[in-house]
Amino acid sequence: MAAIVRAHGIHKHFGALHVLRGVDLEVAERELVFVIGPSGSGKSTLLRCLNRLEEPSGGRIEVDGIDMLDRRTDINRARQRIGMVFQSFNLYPHMTALGNVALALRQVLKLPRGEAEGRARAALERVGLADRAGHYPGQLSGGQQQRVAIARAVALEPRVMLFDEPTSALDPELVGGVLQAMRELRESGMTMVVVSHEMGFARAAADRVVFMDHGLVVEQGAPEAVFGAPREERTRAFIRQIDRH
Amino acid sequence: MSWDDFALAFFSLDILRQACPILLSGLVQTLLLSAMVVPLGLFGGVLLALLATVRSPFVRWPLMAWVDVFRSLPPLVLLIFVYAGLPFAGLEVSAWGAVAIGFFLNTGAYYGEILRAGIESVPAGQVEAARSTGLSRGQAMAWVVLPQAVRNMLPDLISNTLEVVKLTSIASVVALPELLFQARQAQSVTFNATPIVAAAVAYFVLLWPVVRLLSRLENRQLAGRR
Amino acid sequence: MTGWERFADSFLNARVAAEYLPKIVEGFGLTVVLALCIIAAGLAAGLALAVVRSLGVRPLNWLIIFAVDLFRALPPLVVIALFYFGLPAAGLSLSGFAAAWLALSLVLMAFSEEIFWAGITAVPKGQWEAARSTGLGFLPTLRLVVLPQALRITIPPLTNRTIAITKNTALASVVAVPEILGAAQAGVSFGFNPTPLTLGAAAYLVLFLPVVVLGRWIETRFAWKR
Ligand SMILES: Nc1ncnc2c1ncn2[C@@H]1O[C@H](COP(=O)(O)OP(=O)(O)O)[C@@H](O)[C@H]1O
Ligand SMILES: [Mg+2]
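Along each chain, the written sequence defines residue order, and numbers are assigned to residues from 1. As a convention, the first chain written is A and the first ligand written is 1, with the rest following in written order. Predicted model: local features are reported for residues with pLDDT of at least 70 only, side-chain atom pairs are reported and counted for 80 or more only, and whole-chain, interface and lining totals are derived from all residues. No hydrogens and no water enter the side-chain calculation; it runs on all heavy atoms of the structure.

Under an unreviewed UniProt entry, chain C has the name ABC transporter, permease protein (Cluster 3, basic aa/glutamine/opines) and belongs to uncultured Acetobacteraceae bacterium. What UniProt records for chain C under Sequence similarities (unreviewed entry) is the sentence "Belongs to the binding-protein-dependent transport system permease family. HisMQ subfamily." UniProt positions are given in the numbering used here, feature names are shortened, and annotations may be inferred rather than shown by experiment.

Asks: Break down the overall build of chain C for me, with residues and values.
Replies: Think of it this way: any DSSP run of H or I at least four residues long counts as a helix, any run of E at least two long counts as a strand, and we number them from the N terminus. The helix and strand inventory of chain C stands at nine helices and zero strands. Radius of gyration (C-alpha) of chain C: 22 Å, far over the 17 Å computed for a compact globule of 226 residues. Principal-axis analysis of the C-alpha atoms places the extent of chain C at approximately 80 × 50 × 25 Å. Out of the 226 residues in chain C, the part that is buried amounts to 51%. Between two residues, a contact is recorded if the distance between any of their heavy atoms is within 4.5 Å. Pairs at least 24 apart in sequence give 75% of the contacts found in chain C among residues at least 6 apart. Exposure was quantified through the Shrake-Rupley algorithm and a 1.4 Å probe, taking into account, for residues, occlusion by the shown protein chains and nothing else. Of the roughly 10,200 Å² that chain C leaves accessible, carbon and sulfur atoms contribute 71%. Here Asp and Glu are counted as negative and Lys and Arg as positive; His is not counted, and neither are the chain ends. A charged residue contributes its charge at one atom only: NZ of Lys, CZ of Arg, CG of Asp or CD of Glu. Both charge centroids of chain C, one from 16 positive and one from 10 negative side chains, sit 13 Å from each other. Radius of gyration: C-alpha atoms only; globule rule: 2.2 Å multiplied by the number of residues to the exponent 0.38. For each residue, the accessible area found with a 1.4 Å probe, counting protein chains only, is set against the maximum for its type, and the residue is called buried under 20%, exposed over 50%, and partly exposed in between.

Asks: Give a description of the nonpolar core that names residues and reports values.
Replies: As used here, the term nonpolar core means buried Ala, Val, Leu, Ile, Met, Phe, Trp, Tyr and Cys residues forming a set that is joined through side-chain atoms within 4.5 Å. If you look at the biggest cluster of nonpolar residues, it comprises 103 residues, and the most contacted ones within it are B:Val99, B:Ile170, C:Leu181 and C:Tyr204. Setting aside chain neighbours within four positions, we find B:Ile170 in contact with B:Pro75, B:Leu76, B:Leu79, B:Phe103, C:Leu77 and C:Leu171. Core analysis: the next-biggest nonpolar cluster, separate from the first, contains 94 residues, A:Leu25, A:Ala151, A:Val209 and B:Ala130 among them.

Asks: Now, about the pattern of salt bridges: what can you tell me, with residues and values included?
Replies: As a working rule, side chains carrying opposite charge can pair if their charged atoms are close by. In what follows, salt bridge is the name for a side-chain nitrogen of Lys or Arg lying within 4 Å of a carboxyl oxygen of Asp or Glu. In total, this model carries 30 salt bridges over all chains according to the counting rule given. Between A:Arg48 and B:Glu128 there is a salt bridge whose closest N-O contact spans 2.6 Å. Pair noted here: A:Arg48 is in helix 1 (residues 43-50) and B:Glu128 is in helix 6 (residues 124-132), and the two residues belong to different chains. Take A:Arg48: its relative accessible area is 15%, and that puts it in the buried class.

Asks: A description of the interface of chain B and chain A should follow, citing residues and the corresponding values.
Replies: Contacts between chain B and chain A engage 17 residues on the former and 23 residues on the latter. Across the chain B/chain A interface, buried area totals approximately 1,700 Å², and carbon plus sulfur atoms make up 56% of it. The interface formed by chain B and chain A includes one salt bridge. We define a polar contact as two N or O atoms separated by no more than 3.5 Å, with the added condition that, inside protein, one atom must be a possible hydrogen donor and the other a possible acceptor, whereas residues neighbouring each other in sequence contribute only through side-chain atom pairs. For the interface between chain B and chain A, the tally reads eight residue pairs in polar contact (both at pLDDT 80 or more). Secondary-structure elements contributing two or more residues to the side of chain B that touches chain A are helix 6 and helix 7 (137-167) of chain B. Broken down by element, the residue count for the side of chain B that touches chain A peaks at seven residues, all from helix 6 of chain B. Only Asp, Glu, Lys and Arg are considered charged in this grouping, and only Ala, Val, Leu, Ile, Met, Phe, Trp, Tyr, Cys and Pro are considered nonpolar; every other residue, Gly among them, is considered polar. Residue composition of the side of chain B that touches chain A, grouped by class: six nonpolar, eight polar and three charged. Throughout, buried area stands for the accessible area (probe radius 1.4 Å) lost by two parts on being put together, summed over both.

Asks: Give a description of the packing of helix 6 (residues 125-133) of chain C against helix 7 (residues 138-166) of chain C that names residues and reports values.
Replies: All names here are of chain C. The N-to-C vectors of helix 6 and helix 7 enclose an angle of 140°; their axes lie 10 Å apart at closest approach. Considered as vectors, helix 6 and helix 7 are oriented oblique to each other. Relative to helix 7, helix 6 is oriented so that their crossing is right-handed. On helix 7, the residues that touch Gln-127, Trp-128, Ala-131 and Arg-132 of helix 6 are Phe-138, Thr-141, Leu-142, Val-145, Val-146 and Gln-149. Split by residue class, the contact of helix 6 with helix 7 holds six nonpolar, three polar and one charged. Angular values range over 0 to 180 degrees, each being the angle between N-to-C directions of two axes fitted as lines to C-alpha atoms, with helices fitted over their stretch in contact. Roughly parallel here means an angle under 35 degrees, roughly antiparallel means over 145, roughly perpendicular means 65 to 115, and every remaining angle is called oblique. The hand of a helix crossing depends on one turn: near helix anticlockwise from the far one by less than a right angle means left-handed, and clockwise means right-handed.

Asks: Give a detailed account of the sheet that holds strand 7 (residues 160-164) of chain A, specifying residues and quantitative values.
Replies: Residues and elements named next belong to chain A. Two strands qualify as a pair provided that DSSP identifies no fewer than 2 bridges between them. Spatially, 6-7-8-3-9-10 is the arrangement adopted by the six strands of the open sheet, whose pairing is mixed. Each of the sheet's edge strands pairs with one partner strand only, and the pair in question is strand 6 (82-85) and strand 10 (216-221). Direction aside, neighbouring strands of the sheet carry axes that sit 20° apart on average. Where strand 7 and strand 8 (residues 191-195) come together, five bridges link them in parallel fashion. When the sheet's bridge partners are listed, Asp-164 is paired in strand 8 with Val-195. On the sheet, helix 5 (residues 142-154) packs against strand 6 and strand 7 and is oriented at approximately 170° with respect to strand 6. Sitting on the sheet, helix 9 (residues 233-243) is in contact with strand 3 (32-36), strand 9 (208-213) and strand 10, with an inclination near 100° to strand 9.

Asks: If you had to explain the UniProt feature "transmembrane region" (unreviewed entry) in chain C to someone new, which residues and values would you point to?
Replies: Residue and element names in this part refer to chain C. The UniProt record marks residues 28-50, 62-85, 91-111, 170-192 and 198-218 with the feature "transmembrane region" (unreviewed entry), using the residue numbering of this structure. Helix makes up 100% of residues 28-50 and strand makes up 0%, while its end C-alpha atoms are separated by 32 Å. The annotated region residues 91-111 carries 76% helix and 0% strand content, and the separation between its end C-alpha atoms amounts to 30 Å.

The structure is reproduced here in structure tokens:
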């Protein structure tokens, strides 16, 4: 299968801090890669490098055949193919759910209003929020807000979706709805990279689990392998800690 | 002094009637002046706020120094410096020119600070979300940051605009015939305080609605910020 | 003479500077005294009005709100002119210093009352109820529980407003008070050289630049958690 994401030797410095120290990550079409690791290990930074919200200090990144680090690449066009969902939702508070989803359709894809809203509505429908289209983020629960954020990314029909701890900011009873939306997305064949601590979801839905520590990929493999029989001591210690919760 | 004397000195209808035309012309000048200096200051402020988005220290520090210097100088000092000082440098400026320069520098610095703070009040995640869907820097600014920034800074913008309109009264010092100048003229000719009282009433009637609106907005803002 | 030499001879003339420096220094002292008097009276009166307002006596509150609105709507220079040029018509003469002090104190009173009041109302009802339920009276509750919380959130807006109003001491030059600007202008007309104005501007920077920078620091220091 063709790889949609090819990242090789990614380095990232924040001043003196060396946060990513040569990360390699390939994600095949329709694959769901689950990234775990201790807080501060560089998971968010890696995701943000993939769509260049952070500028990597070194390495090569190709997404869907586009060289993301090439100066000549139109980064705004490239980003349409990479959806991103944030831990804190980052919905635009001054726009309705529909407005949030339609903004990039109108401004980036330059769709006429009617068409943009039609597609936005369809995307909201996919996450089960068709009836909330006219609500502002402040009128929605955290779980609903995150599903709108997913719809905002999905509406652009990206080739790959990045999730950065999408359920960490949610009350436990709201997590299920978001995971359900992600599961349906996966079943539709979306390629996904998910940073999360939802181990149950990883076991059920992930094709591959990647364990990161101190800016490096320490171990990766099928969920049963990484969770059931981790090879590295650091992985074992991390999984023991997570399982206790 | 009896009530009648008092009323005669401060609320004389006769004097008011005489002074009315010149007070009205002063009011018109005040409105024209405001219509000039508010956009001028906003323009200066937008320039400063845009410069403030440049991260380089070679821009940041001089910019901050500029803003703080012009917030430190009393506007009247700036105005007098421009009006009375520049002719010595061979630059004759009219009263209107001096007011324009002085207000551009002073008011621009204040508007600039407000706009900068407003833009910075929008969380970084908002821009990141917008950029992640492919919006350019300018589009993210226009559609996501500015609408929220304007809402956050609206009370400060209105408040500063109120102050600027009030501040136009210092143009009287350089003999620009606005409302206060005309009232002073009328007062010195008639030896009666009625024209100044009338000018004060005019300012109050003009600006009171703005003050009411502001006090509601500010109360809400402070309460929400705890 | 080159352009720069001519400029320096006009604006940075050492002989003129030496001659008028003492006057400017005197003016500086007067400005500081005037500013301190305004701050003391204005803030005290503002706080007092806010406390009275929290008693919740309807007619009294309307009066307070009206006074506050009045002095927020009127340009400070108009208030000064009313007191200095207007009051003599009632047979009551104020010195320029007294007129400027009274006018600017009233203006600061109005603005600070508004801020203090917003701070008091921002303290949750539960704080009042908790304190009163432990047997504290109205005033002890206000003084020991509510005001300390209210004052903390009022510090940034209060600092900025106080600086802005204190800068208006320059307006006192209009009513013949020989504070910095007044002294500088007198120097310009006697010496026919604008160097005293340069000195005056420098004096204002010495006085207010540290305060403005302090205000900026306080604003970040006490920044509201969002
Ligand atoms: N913008 C930034 N500036 C400086 N340091 C940062 C920045 N973003 C992240 N870091 C640092 O990089 C390291 C990795 O962060 P992150 O990628 O967020 O880790 P994770 O998502 O795995 O918890 C942390 O030590 C964090 O403090
Ligand atoms: Mg993270």
